[in-house]
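Given next are the chains, with one letter for each unit.
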Amino acid sequence: MLLGVVTLEAKPKYRIETYFINGTKMYQPQQRVWFKTSMGTLPFKVWVSGDYPFQHKSQAEQIIENWEYDYQLKKKYKKSEFIYIN
């Protein structure tokens, strides 16, 4: 294996953080996004949480599926062709 080469399976794109609030298990969906600084350094990836936690794991999984669907639509849009008419 080459130094610095990592397979895509090594770093997940999404995850669900779990914690307890007043005895209730909460599920917080998170995604890995690029973070750019204004200091001129290279961007790096950080974990960003969703807006609010859920009480059921299936709800958090649904948010992650929505994020993945949006990502696939963006990829598909970038491959689209445009016809310009003068």
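Whatever comes next refers back to the structure up there.
Note that the structure is predicted; figures quoted are calculated from it, not measured.

Right, let's get into the sheet that holds strand β2 (residues 24–35). Pairing is antiparallel in the open sheet, where three strands are placed in the order β1-β2-β3. Whereas interior strands pair on both sides, the edge strands pair on one side only; in this sheet they are β1 (14–21) and β3 (44–49). Across the sheet, the mean angle separating the axes of adjacent strands is 30° when strand polarity is ignored. Sheet analysis places β2 next to β3, joined by six bridges and oriented antiparallel. When the bridges of β3 are listed, Gln-31 appears paired with Val-48.

Take the packing of aromatic side chains next. Pairs of aromatic rings are described using the distance from one ring centre to the other and the angle between the two planes. As enumerated under the stated definition, the model contains three aromatic pairs in all. The lysine or arginine in question, Lys-13, covers the ring of Tyr-71, its NZ or CZ lying 2.8 Å from the ring centre.

With that out of the way, let us pick up the pairing of β2. The pairing of β1 with β2 spans eight bridges and is classified as antiparallel. Bridge assignment links Tyr-19 to a residue of β2, and that residue is Met-26. Between β1 and β2, which pair antiparallel one after the other, the connecting turn spans two residues, and Asn-22 there sits at a positive phi close to 50°.

Inspection of every chain in the model, using the stated rule, returns one salt bridge. Of the charged contacts, one joins Lys-57 and Glu-61 as a salt bridge, the two residues approaching to 4.0 Å between their closest N and O atoms. Of this pair, Lys-57 and Glu-61 are both found in helix α1 (residues 57–78), four residues apart, which corresponds to roughly one turn of the helix. Classification of Lys-57 by relative accessible area gives partly exposed; the value is 46%. Look at Glu-61 and you get partly exposed, because its relative accessible area is 35%.

With a phi angle near 50°, Asn-22 is a residue other than glycine that sits in the positive phi range. For Asn-22, the position within the fold is in the loop between β1 and β2. Asn-22 sits in the exposed class, given a relative accessible area of 80%.

Let's shift gears to a nonpolar patch on the surface. A cluster of nonpolar side chains, Tyr-77, Phe-82 and Tyr-84, forms an exposed patch at the surface whose accessible area comes to about 450 Å². Mapped onto the elements of the fold, Tyr-84 is located in the segment after α1.

Attention now goes to the side chain of Gln-30. As for its placement among the helices and strands, Gln-30 is situated in strand β2. We classify Gln-30 as buried; its relative accessible area is 6%. Here the side chain of Gln-30 touches Arg-15 through a polar contact of 2.5 Å, side chain to side chain. At 2.8 Å, the side chain of Gln-30 forms a polar contact with the side chain of Glu-17. The contacts of Gln-30, once residues within four sequence positions are left out, are Lys-13, Tyr-14, Arg-15, Glu-17, Trp-47, Val-48, Ser-49 and Trp-67.

About the cut-offs
- Residues numbered from 1 in each chain as written.
- Predicted model: local features only at pLDDT ≥ 70, side-chain atom pairs only at ≥ 80, totals over all residues.
- Heavy atoms only, no water.
- Pairing = 2+ DSSP bridges.
- Helix = DSSP H or I, 4+ residues; strand = E, 2+ residues; numbered from the N terminus.
- Axes fitted to C-alpha atoms, helices over the stretch in contact; angles between N-to-C directions.
- Phe/Tyr/Trp six-rings, centres within 6.5 Å; stacked < 30°, edge-to-face > 60°.
- Lys NZ or Arg CZ within 6 Å of the ring centre and 35° of its normal.
- Salt bridge = Lys/Arg side-chain N within 4 Å of Asp/Glu carboxyl O.
- Buried < 20%, exposed > 50% of the residue type's maximum accessible area, 1.4 Å probe, protein only.
- Patch = residues over 30% accessible without salt bridge, like charges linked within 9 Å, V, L, I, M, F, W, Y side chains within 5 Å.
- Areas by Shrake-Rupley, 256 points an atom, 1.4 Å probe, with all protein chains shown as cover.
- Polar contact = N/O pair within 3.5 Å; in protein donor to acceptor, adjacent residues only side chain to side chain.
- Contact = heavy atoms within 4.5 Å.

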